[in-house]
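Coordinates in review
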Amino acid sequence: MSQHTILIVEDEASFVEALQIGLTREGFGVEVATDGVRALELFAQLQPDLVLLDVMLPRLSGIDVCRQIRRTSTVPIIMITAKSSEIDTVVGLEVGADDYVTKPYRVRELVARIRALLRRTAMDTTGELDRPHGSTIRVGEVALDPDEHRVTVAGADVSLPLKELEVLHLLIANAGRVLTRETLIDRVWGDDYVGDTKTLDVHIKRLRSKIEVDPASPQRIVTIRGLGYKFERPAVSTAS
Ligand code: CA
């Protein structure tokens, strides 16, 4: 097997050093970028086999780096977060990472995940590991095209204001997964969210009135009590 090159993007010297030693010992080729801008430069230059990407970086965040890479590449990306609360944000953002680890992590565990991802990529000759950025997302009868801001339910166009579309986009891109209220609010409104905790609920209610068969008994956007909301994946009812 030829040597795999891993691009480490990390600004903390102690982590960089431990990774360099650990991954080199495992037979990987290792390159290091210590800020987000340099990461993109090195990525373009080296075309590494996998990227280890810290979330908190100088100049350009790991989230932005991940998004930029995903515009052109399906390279496996493992995000490294400093605290588990960041994972929720990273996952909610749908930045396109393949896996996540939280500091402090064991290099041995990380290597196992790296190998698993590289194996998966090697098997995936059709390149369907990641759908191209910006393509239509379809879950059951609901389809959303983020580029065209177009939503259809059972083939019929549904007109949604921007914020409703953004809420739906986040939910549908993470179908089957619970998104906390905090994640939804943070991603869709960020600092613009003005105190009123009802804003999100109002948007969910309006969305339901447009995309649910029976808005009084929602089957698509379901409430997870005390947590947030989830876009339900439809049960497979017919054999295919
Ligand atoms: Ca950092």
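To keep things clear, this report deals only with the structure shown in the data block. (Residues numbered from 1 in each chain as written. Predicted model: local features only at pLDDT ≥ 70, side-chain atom pairs only at ≥ 80, totals over all residues. Heavy atoms only, no water.)

So, helix H2 (residues 36-46)
Rules: For every residue, the accessible area obtained with a 1.4 Å probe (protein chains only) is divided by the maximum for its type, and the residue is called buried under 20%, exposed over 50%, and partly exposed between those limits. Helix and strand labels come from DSSP, where a helix needs a run of H or I of at least four residues and a strand needs a run of E of at least two; each type is numbered from the N terminus. The directions from the helix axis to the C-beta atoms form the arc being described. The contact criterion used is simple: two residues touch if any of their non-hydrogen atoms lie within 4.5 Å. We call two N or O atoms a polar contact when they sit within 3.5 Å, provided that within protein one can donate a hydrogen and the other can accept it, with sequence-adjacent residues counted only if both atoms are side-chain atoms.
Taken as a whole, H2 has its buried residues at Gly-36, Ala-39, Leu-42 and Phe-43. For H2, the angular spread of buried residues about the axis comes to 115°, placing them on one side. The outward face of H2, more than 90 degrees from its buried face, is lined by the exposed residues Ala-44 and Gln-45. Those residues of H2 that are buried are in contact with strand S1 (5-9), strand S2 (29-33), strand S3 (50-54) and helix H3 (62-72). The backbone nitrogen of Val-37 lies 3.0 Å from a side-chain oxygen of the residue at the head of H2, namely Asp-35.

Things to note about the coordination of the calcium ion
Which entries qualify depends on this criterion: The rule for donors is simple: N, O or S, within 2.8 Å of the metal, or within 3.2 Å if the metal is Na, K or Ca. Water isn't counted, so a site may look like it is missing partners.
Donor atoms from the polypeptide that bind the calcium ion are Asp-11 (OD), Glu-12 (OE), Asp-54 (OD) and Met-56 (O), placed at 2.1 to 3.1 Å. Counting the intervening residues between successive donors of the calcium ion yields the motif D-E-x41-D-x1-M. With Asp-11 in the loop between S1 and helix H1 (13-25) and Asp-54 in strand S3, this residue pair connects regions lying 43 residues apart in the sequence. Exposure remark for Asp-54: the relative accessible area of 2% places this residue in the buried category.

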